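These are the residues of each chain, in order.
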Amino acid sequence: MKINLGLLFLAIVINSCDRIRSITSKSIEKVKEVVNNESDKLVDKVIPTFDSYKSDTEHNRRRFKDFLQIELTSDVKNIYCYADEMGIDKNYQFSFNCDMSTVIRILQKHQLRLDTATSYGFSAELQKEFVWWKCNDIKKLPRYSWKGDNEYYKYFWYDQKTRKAYYLDFDL
């Protein structure tokens, strides 16, 4: 009888230890996930991340809000962005799909006006080619622009057929 009670007690202890180990492992994984997410957010505040090879990432959605300064509505999809912050000039490229209502909000927010100039000046040299940013295709679209102080520029293009928008923000 002592042996059976001892074996029963041992089985209960082993079972309890396995459950505790399982709960502990799950808790540790959850803590690691939270810490990684929070550290990523902190790093992103200091050194913003731009995901130029994957669309609709959390980083790209944040950059969209940061640069375009409008609400991210359900029509905005396939957000890609790129940053070149090396050297004295900086440029930021964004591409995304959206409805005309979003285009109007962007044009109004950034005071962008139809630009009939045939020259692209330095902007053509600053643009980096991507699968989502085809320079020659963009040149064929109507361009909207804004020029601020200290050689700061914003350009915007919209292809109504594909519902694709392109936004270029740069300084010289």
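Everything below is about the structure printed above this text.
Residues numbered from 1 in each chain as written. Predicted model: local features only at pLDDT ≥ 70, side-chain atom pairs only at ≥ 80, totals over all residues. Heavy atoms only, no water.

## Quick notes on the pairing of strand S5 (residues 152-159)
Filter applied, for reference: For each residue, the accessible area found with a 1.4 Å probe, counting protein chains only, is set against the maximum for its type, and the residue is called buried under 20%, exposed over 50%, and partly exposed in between. Secondary structure counts use DSSP, requiring at least four H or I residues in a row for a helix and at least two E residues in a row for a strand, with both numbered from the N terminus. For two strands to be treated as a pair, DSSP must find at least two bridges joining them.
The element S5 is extensively covered by neighbouring structure, given that seven of its eight residues are classed as buried. Pairing analysis gives five bridges linking strand S4 (residues 143-147) to S5, with the strands arranged antiparallel. Along S5, the bridge assignment pairs Trp146 with Lys154. Counting the residues in the hairpin turn of S4 and S5 gives four residues, including Asn150, whose phi is positive at 55°. Note: S5 against strand S6 (residues 164-171), eight bridges, orientation antiparallel. Its bridge partner being in S6, Trp157 is matched across the sheet by Tyr166. In this structure, the hairpin formed by S5 and S6 is closed by a connection of four residues, where Arg163 is found at a positive phi of approximately 60°.

## Quick look at the sheet that holds S6
The criterion, for reference: Lines are fitted to the C-alpha atoms to define the axes, a helix being fitted only along its stretch in contact, and any angle between axes, read from their N-to-C directions, falls within 0 to 180 degrees. Whether two residues touch is decided by their heavy atoms; if any such pair falls within 4.5 Å, the residues are in contact.
Spatially, six strands are ordered S1-S2-S6-S5-S4-S3 in an open sheet, and the strand pairing comes out antiparallel. Only two strands of the sheet have a single neighbouring strand rather than two, namely strand S1 (77-84) and strand S3 (113-115). Each strand of the sheet is rotated relative to its neighbour by a mean of 25°, with strand direction disregarded. Inspection of the sheet shows S1 paired to strand S2 (residues 90-97) by six bridges, in the antiparallel sense. The partner of Asp84 across the bridge, within S2, is Asn91. Across the sheet, helix H3 (residues 100-109) is in contact with S2, S4 and S5; its angle to S5 comes to roughly 165°.

## Quick word on H3
Test applied: Taking the helix axis as origin, the arc is that swept by the directions to the C-beta atoms.
Within H3, the full set of buried residues consists of Thr102, Val103, Ile106 and Leu107. Take H3 and look down its axis: the buried residues cluster within an arc of 135°, on one side only. Where H3 is buried, its residues contact helix H2 (58-68), S2, S4 and S5. Once H3 finishes, Gln111 follows within two positions and takes phi at roughly 55°, a positive value.

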